Amino acid sequence: MATSAHFRGGRDTGGAGSGTGPGSDFVSALFASDRLEHIEAIAAQEAESRFGLRHLRIEAAPAPARDTDLQGATPISLLAAKAGRLRSQAGPALTFALGDVPHAMLLSVDRPTDGRDFDAAGPDWCGFLALLTARMATALELQDQRQASERLEKTARLQTALYTVANLASAGLDMQDTLRRIHDVVGALMYARNFLIALYDGTRDSLRFIYYADEQDLRSVDPEQEYPAARIGDSLTLGVIHTGRAAMGPSRQLRRAFGFDENAQGYGPSSADWLGVPMVADGVVRGAVVVQSYDQPDRFSEEDRALLEFVAHHILIALTRRQAHDELERRVEERTLALTEQIRERQRGETLQAALYRIADLASSGLGMEEMLRRIHLVVGELMYARNFFIALYDGERDSVRFIYFADAKDVNIYETDREVPAADLRDSLTLGLIRHGKPVRGPAREVAKTLHISGIGLGTPALDFLGVPISGDGGARGAVVVQTYEPGVHYSAEDSTLLAYVAQHIMTALERKKLQAELERRVEDRTRELASAVGELRDQIKVREHAEQQLIHDALHDALTGLPNRTCFHAALEQALTRLHRDEGRRFAVLFLDLDRFKVINDSVGHLFGDMMLKEAGTRLTGCVRGNDMVARLGGDEFAVLMEDIASPEDACHTARRVIEALAEPIHVQGKALFTSASIGITLGERRYRKAEELLRDADVAMYRAKAHGRQRFEIFDERLHQEALQLLELESDLRHAIQRKEFEPHFQPIVDLRNGDVLGYESLLRWNQPRRGVVPPGEFLKAAEDSGSIEQIDWQMLANTCRDILDLQLDGRYVTLNVSPRRFRSPTLAQQLLDQLQAHGIEPGCIRIEVTEDALLENPDQVFTTLGTLRQAGVLAALDDFGTGYSSLSYLHRFPLHALKIDRSFVRELEPMREDGSTAVVRAVLALAGTLGLEVIAEGIETEQQRACLLDLGCTRGQGFLFSHARPAMEWRAAAA
């Protein structure tokens, strides 16, 4: 400032009226502290020692008037006026107004009493005031900033608390845990060791203390118990609720204010300070929040009251939201249970109907009696408890019983199925009693015996529950069908009795049919012998041979399952069509090559029997889509081909392809199941450049795979572009074979890092092809061709060997390396042992290696994959599920397979954006929650920006990899970087 030019020398150089400024010691001390009381004390000491002015005081005062009379002032006094103006000259004290500072301040001192000469306008005093004014200004400004910072900090704490309360309301915690955490939030804002939340039901005029925490009153409070207001009329909490106003102060004082008995002790100890606020929504009091102190009066202030009212409002919002959420969950659960029951009943009805159809089919089939009854037993066992099941037939003429089928868990082979038992030996038998009774019976064996009026239960073990129905015919009871159980808790119902009666009816039908069939066979046999004697043996032999030859020819050229021409027959027809085209260009034709989409999934899920029936139906539909002179053939598996001769234009083939696609899109019903498939079709047009039938089929196959690549259920026509792509594919496959021989495949390593600090946790070994002409080729350009051609397995083994070779250069030091294993490799039962042998041969600990497996590999051969992963995990090799979320994302295999980690696919990481809770953010949050529940690590792939990294950390993901941290590099470069 301007007066600093006068401050020269130390304290000993100045004195009263010496014309020098304050000493350097005083200046240093004055600026060494920023507390107002310290500044005042230092200024008081300086004023007394230099000017003889005692009792210096600085205090707040109104801003000084600007019209103070300064007439006749000297230049020095004008300088003093800039720092402070003399406000009072009368009396023993002098009062000065410190200049234009943000806070108006007054400085007062006592006049000198030691006779020292003091000049209020002197340069020393003016310099002193100017310096003190500047220091006070900065100290007051710092004090304002501190107060503003404290207010902001307090506001931030309050805002954070309210956000926490709101988040707790929507969290998946139980109510008590939620309220306990809300208590912790309130406790961070004020004294709340004794804290309760009460909800009021105005309709029932009752209270529920949903949360209660008290240091002295240790009574257990049930949050579900209701307290009628009539029973707790003297409760301060109820008083706050009834009045709808906050109350604060000692509990005795508040009892008097509410008109309660101040000595009542029925509601806990008296409080030194008590604060309660109502929770109000839409003008209605819904409850109250209370805090209290037993040891310190005046603990709570008006600020605490306002704060608690604010928090109570948000607690009520949180509770209301939580109650609404719980009510919604309850309704959803009830609706889910109802729908589940409906589905269960519908499924049971479908299962029952399918079983009855199967029983009817078995009864009319050509199976032998023993096999037919065994299969009927299996069907009945699917519908009811039928481990103990037998069928008995009664012969009225011989008065005997024969058990034609008998299966019992305890009484094994008690009756022989090929021996008749005289009725006299079964007089106390429940079976014979049932046949003579002629009506269904069920219940414990001894109770059934009473119903049948017999004294015993026969030879077998008494059943805890018995169900038997008679087999009735035209002549009355012909036998009985019985199921029984020896296990407690298993009982038969009237529905089971009706079902067993249906089974008995069809068994009777089957027996009658078998009897008629036997009679018919006998007659046919007699007639055949008569014809055989009339027709010579030679003619019979010739006919048999001709038939056999025709059948052999037909079988050689037709598919045994569908009856369609097979590959051999189709190939011959295609060669003929090609020959005709070379003779006459007008004889144009087209080849349609197709297979059934998703056939393998259907075949593996419902079985080969359903798959075969589906192929037969597909062949029938194909035949219905073509012209009469076109040929439909099954080439093998789910591959079919159509030869269309004498077509006018390529559009004819396109029309047929569309009809085939539409026909196969319709559901195929097989034994009560609706199976869905579709067709992908490749079309090749006959041209003179083709010389062999194989070339046409090859190009049609290429076009079909192009149709699959474009989304399935469509067709593609083979053209020159596809021809060039096919040539390029052949060249690529050839290059791959040469690359395997030259060992051109090498691993590059990309680090897996801790997103919080960038520490390297491990490396992923990534496949690179070091091609002599094109340089380093990424796997996306050749991996599909390698998998289709089968080269991927040899490439994988080279990658494993090269990775093991380069691991030493990485200097892992506790880190790990992950290997990508092709799904084809998991088909081999020896994969685990071969991998472990490679590690052992290179001296690598299994714990340093992890393998990555895709969802397709898990689903293609789950049992083999489970065994392989289990063997590797026992040896210390952990497994990670790669590209999670891009496939089936089924919870079943996460629960079943021994996985250690999930890798979030880069497609989700790429879309992450701050402050968004939809899209990829929701998916990543769900994956992290799922992995946390299952105890799995989560690694995010494809992190390229700091924004993506920050989003992942906010979501709780701490591991990842991507170009943000490093591209994949050879091991030697990592070693050089480490050096």
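Residues numbered from 1 in each chain as written. Predicted model: local features only at pLDDT ≥ 70, side-chain atom pairs only at ≥ 80, totals over all residues. Heavy atoms only, no water.

Participant: Can you lay out the overall build of the protein for me, pointing to particular residues and giving the numbers?
Facilitator: Of the regular secondary structure elements, the protein holds 29 helices and 32 strands. Every one of the 979 residues in the protein was classed for burial, and the buried ones make up 43%. Intrachain contacts of the protein at a sequence separation of at least 6 include 63% that bridge at least 24 residues. When the accessible surface of the protein is split by element, carbon and sulfur atoms take 51% of a total near 51500 Å². (Helix = DSSP H or I, 4+ residues; strand = E, 2+ residues; numbered from the N terminus. Buried < 20%, exposed > 50% of the residue type's maximum accessible area, 1.4 Å probe, protein only. Contact = heavy atoms within 4.5 Å. Areas by Shrake-Rupley, 256 points an atom, 1.4 Å probe, with all protein chains shown as cover.)

Participant: So what about the sheet that holds strand E10 (residues 284-293)? Which residues, and what values?
Facilitator: Through backbone hydrogen bonds, the strands of a sheet pair up, either in parallel or in antiparallel fashion. In spatial order, the strands read E7-E6-E5-E10-E9-E8; together these six strands make up an open sheet with antiparallel pairing. Two strands bound the open sheet, and with one partner strand each, they are strand E7 (227-228) and strand E8 (247-249). Its contacts with the sheet place helix H5 (residues 175-187) against strand E5 (194-201) and strand E6 (206-213), and it is angled at close to 65° to E6. (Pairing = 2+ DSSP bridges. Axes fitted to C-alpha atoms, helices over the stretch in contact; angles between N-to-C directions.)

Participant: Please provide a residue-by-residue account of the packing of helix H9 (residues 369-383) against helix H12 (residues 494-534), values included.
Facilitator: The geometry of H9 relative to H12 is characterised by a closest axis approach of 12 Å and an angle of 170° between their N-to-C directions. With respect to their mutual orientation, H9 and H12 come out roughly antiparallel. In the packing of H9 onto H12, the handedness of the crossing is right-handed. Residues Met-369, Met-372, Ile-376, Val-380 and Leu-383 of H9 form the contact with H12, whose own contacting residues are Leu-499, Val-503, Ile-507, Ala-510, Leu-511 and Lys-514. For the contact of H9 with H12, the per-class residue count stands at 10 nonpolar, no polar and one charged. (Parallel < 35°, antiparallel > 145°, perpendicular 65-115°, else oblique. Left-handed = near helix turned anticlockwise from the far one by under 90°. Nonpolar A, V, L, I, M, F, W, Y, C, P; charged D, E, K, R; others polar.)

Participant: Which residues make up the pairing of strand E9 (residues 273-281), and what values do they have?
Facilitator: Burial of E9 is extensive: seven of the nine residues sit out of reach of the surface. Two strands pair when backbone bridges link them, and E8 and E9 are joined in this way by three bridges, in the antiparallel orientation. Counterpart to Gly-249 in the pairing with E9 is Trp-274. Taken together, E9 and the strand that follows it, E10, pair antiparallel across an intervening segment of two residues, in which Asp-282 is found at a positive phi of about 55°.

Participant: Explain the sheet that holds strand E12 (residues 400-407) to me, and be specific about the residues and the numbers.
Facilitator: Strand order in the open sheet made by the six strands is E13-E12-E11-E16-E15-E14, with antiparallel pairing throughout. The sheet is open, and its two borders are formed by strand E13 (420-422) and strand E14 (441-443), each paired with just one other strand. Sheet twist, expressed as the average angle between the axes of neighbouring strands with direction ignored, equals 20°. Where E12 lies against E13, three bridges are found, and the strand directions are antiparallel. Looking at E13, one finds that Arg-402 is bridged to Glu-420. Strands in contact with helix H10 (residues 430-437) are strand E11 (388-395), E12, E14, strand E15 (465-473) and strand E16 (476-485); relative to E16, the strand with the most contacts, it is inclined by about 135°.

Participant: Please provide a residue-by-residue account of the packing of helix H8 (residues 302-363) against H12, values included.
Facilitator: Two numbers describe how H8 lies on H12: the axes approach to 8 Å, and their chain directions differ by 20°. With respect to their mutual orientation, H8 and H12 come out roughly parallel. Every pair of crossing elements has a handedness; the one defined by H8 and H12 is right-handed. Contacts from Arg-348, Leu-352, Leu-356, Ile-359, Ala-360 and Ala-363 in H8 reach Glu-495, Asp-496, Leu-499, Tyr-502, Val-503, His-506, Ala-510 and Arg-513 in H12.

Participant: Give a description of helix H27 (residues 920-934) that names residues and reports values.
Facilitator: At 3.6 residues per turn, the α-helix brings residues three or four places apart onto the same side. Spanning 15 residues, H27 covers 21 Å between terminal C-alpha atoms, matching the ideal 21 Å at 1.5 Å per step. Along H27, the positions that sit buried rather than exposed are Ser-920, Thr-921, Val-924, Val-927, Leu-928 and Ala-931. For H27, the angular spread of the buried residues around the axis is 125°, confining them to a single face. Looking at the residues trailing H27, positive phi occurs at Gly-935, about 75°. (Expected span 1.5 Å × (residues − 1). Arc of directions from axis to C-beta.)

Participant: Hey, could you go over helix H18 (residues 693-709) for me, with residue numbers and the actual values?
Facilitator: Counted at 1.5 Å a residue, the expected span for H18 with its 17 residues is 24 Å, and the 25 Å between its end C-alpha atoms agrees. With its phi angle positive at about 120°, Gly-711 sits one or two positions after the end of H18.

Participant: Tell me about the confidence of the model for the protein, and please be specific about residues and values.
Facilitator: Summarising the model, the protein shows a mean pLDDT of 81, and 89% of its residues fall at 70 or more. Taken element by element, the predicted model of the protein shows its lowest mean pLDDT in helix H3 (residues 75-83) (36) and its highest in strand E32 (residues 959-960) (94). Within the model, the stretch residues 1-20 combines pLDDT values under 50 with 39 contacts to residues more than four positions away or in other chains. Contacts for the low-pLDDT stretch residues 62-85, under 50 throughout, to residues beyond four places or in other chains number 34 contacts. (pLDDT = per-residue confidence, 0-100.)

Participant: A description of the packing of aromatic side chains should follow, citing residues and the corresponding values.
Facilitator: Geometrically, a pair of aromatic rings is defined through the distance of the ring centres and the angle of the planes. Under the criterion given, the structure shown has 15 aromatic pairs. An aromatic cluster is built from Phe-26, Phe-51, Trp-125 and Phe-128, whose rings are joined through pairwise contacts. Its guanidinium or amino end placed over the ring of Tyr-191, Arg-299 lies 3.7 Å from that ring's centre, counting from NZ or CZ. Seen from the ring of Tyr-816, Arg-850 lies directly overhead, with NZ or CZ sitting 3.8 Å from the centre. (Phe/Tyr/Trp six-rings, centres within 6.5 Å; stacked < 30°, edge-to-face > 60°. Lys NZ or Arg CZ within 6 Å of the ring centre and 35° of its normal.)

Participant: Go over the pattern of salt bridges, please, and point to the residues and values.
Facilitator: A side chain of one charge can pair with a side chain of the opposite charge if their charged atoms are brought near each other. Enumeration over the complete set of coordinates arrives at 48 salt bridges. Between Arg-50 and Glu-46 there is a salt bridge whose closest N-O contact spans 3.2 Å. Of this pair, Arg-50 and Glu-46 both sit in helix H2 (residues 36-51), four residues apart, which is roughly one turn of that helix. For the pair shown, Arg-50 and Glu-46 are each scored as buried. Linking Arg-374 and Glu-371 is a salt bridge whose minimum nitrogen-to-oxygen distance equals 2.7 Å. A residue pair is termed a helical-turn pair when its members lie 3 or 4 positions apart in one helix, as Arg-374 and Glu-371 do in helix H9 at three residues. (Salt bridge = Lys/Arg side-chain N within 4 Å of Asp/Glu carboxyl O.)

Participant: Give a detailed account of the environment of Thr-871, specifying residues and quantitative values.
Facilitator: With respect to the helices and strands, Thr-871 occurs in helix H24 (residues 862-875). Among the residues examined, Thr-871 registers a relative accessible area of 32% and is labelled partly exposed. Between the C-alpha atoms of Thr-871 and Gln-833, which are 38 residues apart in sequence, the distance is 8.2 Å.

Participant: Residue-level account of the nonpolar core, with values.
Facilitator: Val-817, Phe-826, Ile-851, Leu-869, Leu-899 and Leu-952 are the most contacted members of the largest nonpolar core, which has 53 residues in total. With five residues, the top contributor of residues to this core is helix H22 (residues 831-841). If you look at the next biggest cluster of nonpolar residues, it comprises 34 residues, including Leu-592, Phe-599, Ala-663 and Leu-685. (Core = buried A, V, L, I, M, F, W, Y, C linked by side-chain atoms within 4.5 Å.)

Participant: Give a detailed account of the pairing of E6, specifying residues and quantitative values.
Facilitator: Taking burial as the measure, the eight residues of E6 include six buried ones, the bulk of the element. The pairing of E5 with E6 spans seven bridges and is antiparallel. Across the sheet, Leu-199 pairs through a bridge with Arg-208, a residue of E6. The antiparallel hairpin formed by E5 and E6 contains four residues in its connecting segment, where Asp-205 sits at a positive phi of about 50°.

Participant: Run through unusual backbone geometry, naming residues and quoting values.
Facilitator: For Asp-205, which is not glycine, the phi torsion reads 50° and is therefore positive. For Asp-205, a relative accessible area of 32% translates into the label partly exposed. Of note, the phi angle at Asp-646 is positive, near 55°, even though the residue is not glycine. Looking at the secondary structure, you find Asp-646 in the loop between strand E19 (639-645) and helix H17 (650-665). Look at Asp-646 and you get partly exposed, because its relative accessible area is 39%.

Participant: Residue-level account of the environment of Cys-654, with values.
Facilitator: One can find Cys-654 in helix H17. Relative accessible area serves as the criterion here: at 5%, Cys-654 is assigned to the buried category. C-alpha of Cys-654 to C-alpha of Ile-681: the two residues are 27 residues apart in sequence and 9.9 Å apart in space. Aside from chain neighbours lying at most four places away, what touches Cys-654 is Ile-683, Phe-715 and Ile-717.

Participant: Report on the side chain of His-506, specifying residues and quantitative values.
Facilitator: Along the polypeptide, His-506 turns up in helix H12. Not counting residues up to four positions away in its chain, the partners in contact with His-506 are Ile-359, Ala-360 and Ala-363.

Participant: Break down the environment of Ser-301 for me, with residues and values.
Facilitator: If you trace the backbone, Ser-301 turns up in the loop between E10 and H8. Counting along the chain gives 53 residues from Ser-301 to Met-248, while the straight-line C-alpha distance between them is 8.4 Å.

Participant: Give a detailed account of the side chain of Asn-194, specifying residues and quantitative values.
Facilitator: Along the chain, Asn-194 falls in strand E5. Taking the relative accessible area as the measure of exposure, Asn-194 reaches 1% and is therefore buried.

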